[in-house]
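Chains, contacts and geometry: an overview
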Amino acid sequence: MIPGADDAITRDGKALILAYDHGLEHGPVDFEPVPETTDPATVFDVGTHDAVTAVAVQKGVAEAYYPSYEDDVSLLAKLNGTSNLWMGEPDSAVNWSVDYAAEIGADAIGFTLYGGSNHEVEMAEEFRDAQEAAREHDMGVVMWSYPRGQGLKDDTSASTIAYASRLGLELGADIAKVKYPGSADAMEWAVDSAANMKVVMSGGSKTSDEAFLSTVREAMDAGANGLAVGRNVFQRENPEAILDGLEAVIFEDATVDEALAASAGLDASD
């Protein structure tokens, strides 16, 4: 971790990363709720919202679409990823280089590490190479820290998520993206385990506005530095509305009721 390395993808020390690597990781099924989101331009348009500090995409999407949005969107190059068709022990192919991401204009890189997988050692070595190359380009580094593998019994337990955030710090990430461990106390442990490195919560599967904003509020109260979210934004018919609410919670320290009002375009006193 290098203080300030993530400035291009944060605002006032906080992040709201719009993740759109789902086409590779999950497949087109994630676009079925809002078919228009099959077109990356639709999600890049959403990414121009003031709340969004970076858009995370894979190589092909970055090549084809980022040049049209480079003045309005900060690019987080998601370097590795594997399709949902892969049925083996958790692993993630490195799909582009840091040098090529820098050439396209990326402000930061993202990299998945499956701690606990039989492929952890190989993935950690790949992360090392990417992290050090990113430093040569003054790019921030975000670790998708997702413990999983045949030997791991509970990938969202408090101790596992605390370990996940610590892996990010130990291996040199500026931000670790971790799953919500189920309670504010457990999230606080994960944040504390990361010391001065930033921790953001993974958005996960789509839930109701109130449920989602409540979980984000809990994470922020536990000391998290924001959110990396995909489906809970782009699977909504009006993604800008939920981004209004998320902006209120993450950057304005709003309550859930205030955030719901912001999502509805109302003043909280109405």
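That block above? That's the structure.
Residues numbered from 1 in each chain as written. Predicted model: local features only at pLDDT ≥ 70, side-chain atom pairs only at ≥ 80, totals over all residues. Heavy atoms only, no water.

Observations regarding the nonpolar core
Judged by nonpolar contacts, the single largest core of 84 residues is most densely connected at Leu76, Leu79, Met187, Val216 and Leu246. Broken down by element, this core gets its largest block of residues, seven residues, from helix α10 (residues 239-252). Apart from residues no more than four positions distant in its own chain, valine 216 is found in contact with Met201, Leu227, Leu246, Val249 and Ile250. (Core = buried A, V, L, I, M, F, W, Y, C linked by side-chain atoms within 4.5 Å. Buried < 20%, exposed > 50% of the residue type's maximum accessible area, 1.4 Å probe, protein only. Helix = DSSP H or I, 4+ residues; strand = E, 2+ residues; numbered from the N terminus. Contact = heavy atoms within 4.5 Å.)

Some thoughts on the packing of aromatic side chains
Under the criterion given, the structure shown has six aromatic pairs. Their ring planes at 50° and their centres at 6.1 Å tell us that phenylalanine 31 and phenylalanine 234 sit as a pair that is tilted. Residue phenylalanine 31 is located in the loop between α1 (22-25) and α2 (40-46), and its partner phenylalanine 234 is located in helix α9 (residues 231-234); the two are separated by 203 residues in the primary sequence. Given the relative accessible area of 7%, phenylalanine 31 is considered buried. Relative to phenylalanine 127, the ring of phenylalanine 111 lies with its centre 5.8 Å away and its plane at 70°, an arrangement referred to as edge-to-face. Here phenylalanine 127 lies in helix α5 (residues 120-136) and phenylalanine 111 lies in strand β4 (residues 108-113), a separation of 16 residues in the sequence. For the pair formed by phenylalanine 111 and phenylalanine 127, the shared burial category is buried. (Phe/Tyr/Trp six-rings, centres within 6.5 Å; stacked < 30°, edge-to-face > 60°.)

Examining the environment of phenylalanine 31
Along the backbone, phenylalanine 31 and phenylalanine 234 are 203 residues apart, and their C-alpha atoms lie at a distance of 8.3 Å. Leave out the neighbours within four places in its chain, and phenylalanine 31 touches Tyr20, Gly23, Thr37, Thr38 and Phe234.

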